[in-house]
Amino acid sequence: MPRIDVLVAQLGGELVGNGGVEVHRVAPLERAGEGDLAFLASPKYLSRLKTSRAVAFIVKPEHRDIVDDGRSLIVTDDPYLYFARASQFFNPLPPIVPGVHSLASVRCAIPATVAVDAGAVVEEGAEIGEDVLIGANCYIGREVRIGRGTRLAPNVTIYANCVIGENCIIHAGAVIGSDGFGFARESSGKWVKIPQIGRVVIGNDVEIGSNTSVDRGALEDTVIGDGVKLDNQIQIGHNTRIGEHTAVAGSTGIAGSAIIGARCMIGGQAGISGHISIADDAVVFAATTITRSVRTPGVYVNCLPQLTHAEWARNFAHIRHLDTLVKKVRLLEQRLEQQEKAG
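Residues numbered from 1 in each chain as written. Predicted model: local features only at pLDDT ≥ 70, side-chain atom pairs only at ≥ 80, totals over all residues. Heavy atoms only, no water.

A. Representation of unusual backbone geometry in the model. The phi torsion at aspartate 131 lies on the positive side, around 60 degrees, for a residue other than glycine. As for its placement among the helices and strands, aspartate 131 is situated in the loop between β10 (127-128) and β11 (133-134). Take aspartate 131: its relative accessible area is 32%, and that puts it in the partly exposed class. A positive phi angle is found at asparagine 161, which is not glycine, with a value near 75 degrees. Residue asparagine 161 is classed as partly exposed on the basis of its relative accessible area of 35%. (Helix = DSSP H or I, 4+ residues; strand = E, 2+ residues; numbered from the N terminus. Buried < 20%, exposed > 50% of the residue type's maximum accessible area, 1.4 Å probe, protein only.)

This is how it looks when you write it as structure tokens:
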């Protein structure tokens with residue numbers, strides 16, 4: 001097991017106590033035991049720290065004196081961020097074992113460092129970078145470009161001409177580059193399909209969750225910026241642009257031609273209408289629907305708290321009469337103004 005001073009030497013922070021303590025993983029305060037490193041991200045968990053059996057703790061500077069029994073501390077301004085990096089230290093991605101499985105179909109030249117698992121198909125004209133992993137039953141279309149170090153879990157589909165950057169992770173069942181939802185309607189009601197001839201262009205260090213769909217552009221490209229993190233079961237419509245380092249939680253739907261800024265955080269089950277823009281650094285709460293452009297950073301929410309059906313029915317009955325209530329209030333205000341003038 002690595003020593004805690006080795007961890008600090010690699011990740012930084014201030015070591016308080018015995019640097020020779022051996023740690024092998026990061027664990028929650030309440031479940032930590034021998035060889036575990038725990039972290040305190042919030043003062044409300046101080047009582048758990050005092051009873052934890054971890055051999056060492058990651059804490060903020062103001063908590064550097066919280067442990068007085070000789071156990072070691074790593075002092076850092078952001079324990080949660082340090083926990084993430086420590087967890088990566090203890091749990092590196094498994095090494096890629098290069099080679100093309102006998103049951104895979106590869107119709108282009110690939111570097112010797114690439115791994116292609118059973119059932120995968122790589123079409124003609126694809127460009128695959130060094131150290132790429134293509135999982136079982138993946139499909140890589142014609143002229144697709146995939147950058148160095150990217151990993152595709154089993155059953156990922158990447159349609160023709162799409163571009164994936166370096167060091168991306170795309171999880172099982174994700175579909176990149178399927179047709180956007182584009183149709184014109186005849187007077188008879190019949191729908192006429194609009195060919196979707198754009199691409200999906202994904203930057204570096206992007207992670208895409210399982211069963212997420214990113215549609216190709218209709219005329220221009222759908223673009224996902226560097227460092228974007230997409231959760232599971234998200235729908236990204238055609239021609240959408242998402243700025244760098246934005247994170248989107250599960251089951252969110254983003255309609256076509258929306259422009260999402262950089263460093264935004266979008267909660268689960270949010271809905272973003274098409275042809276609107278959201279400013280950099282905006283935060284959208286879970287289950288919030290954004291139907292107009294958001295032009296300034298801030299926190300945006302339009303969801304109601306959970307109610308019983310009876311409470312919801314009573315409140316909705318009042319909502320139905322809001323217009324009448326507003327008219328009555330205006331009438332009362334006018335009468336009061338008249339009385340004040342007469343008085």
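So, next bit.
B. Molecular detail of the state of the cysteines. Tallied over the entire structure, the rule returns zero disulfides. Distance from the sulfur of cysteine 168, which forms no disulfide, to the nearest cysteine sulfur (cysteine 162) is 13 Å. Residue classification places cysteine 168 among the buried residues on the basis of a relative accessible area of 1%. (Disulfide = S-S within 2.5 Å.)

C. Expanded view of the side chain of serine 52. Along the polypeptide, serine 52 turns up in the loop between α2 (46-51) and β4 (56-59). When residues no more than four places from it in sequence are discounted, the contact partners of serine 52 are Leu29, Ala32, Phe57 and Arg71. (Contact = heavy atoms within 4.5 Å.)

D. Quick look at the nonpolar core. Core analysis: the largest hydrophobic core is formed by 48 residues, its most contacted members being Ile134, Ile140 and Ile158. When sequence neighbours within four positions are dropped, the list of residues in contact with isoleucine 134 reads Ala115, Val116, Asp117, Ala120, Val122, Ile128, Ile140 and Leu152. Counting residues in hydrophobic clusters, the runner-up holds 15 residues, among them Leu7, Val8, Ile74 and Tyr82. (Core = buried A, V, L, I, M, F, W, Y, C linked by side-chain atoms within 4.5 Å.)

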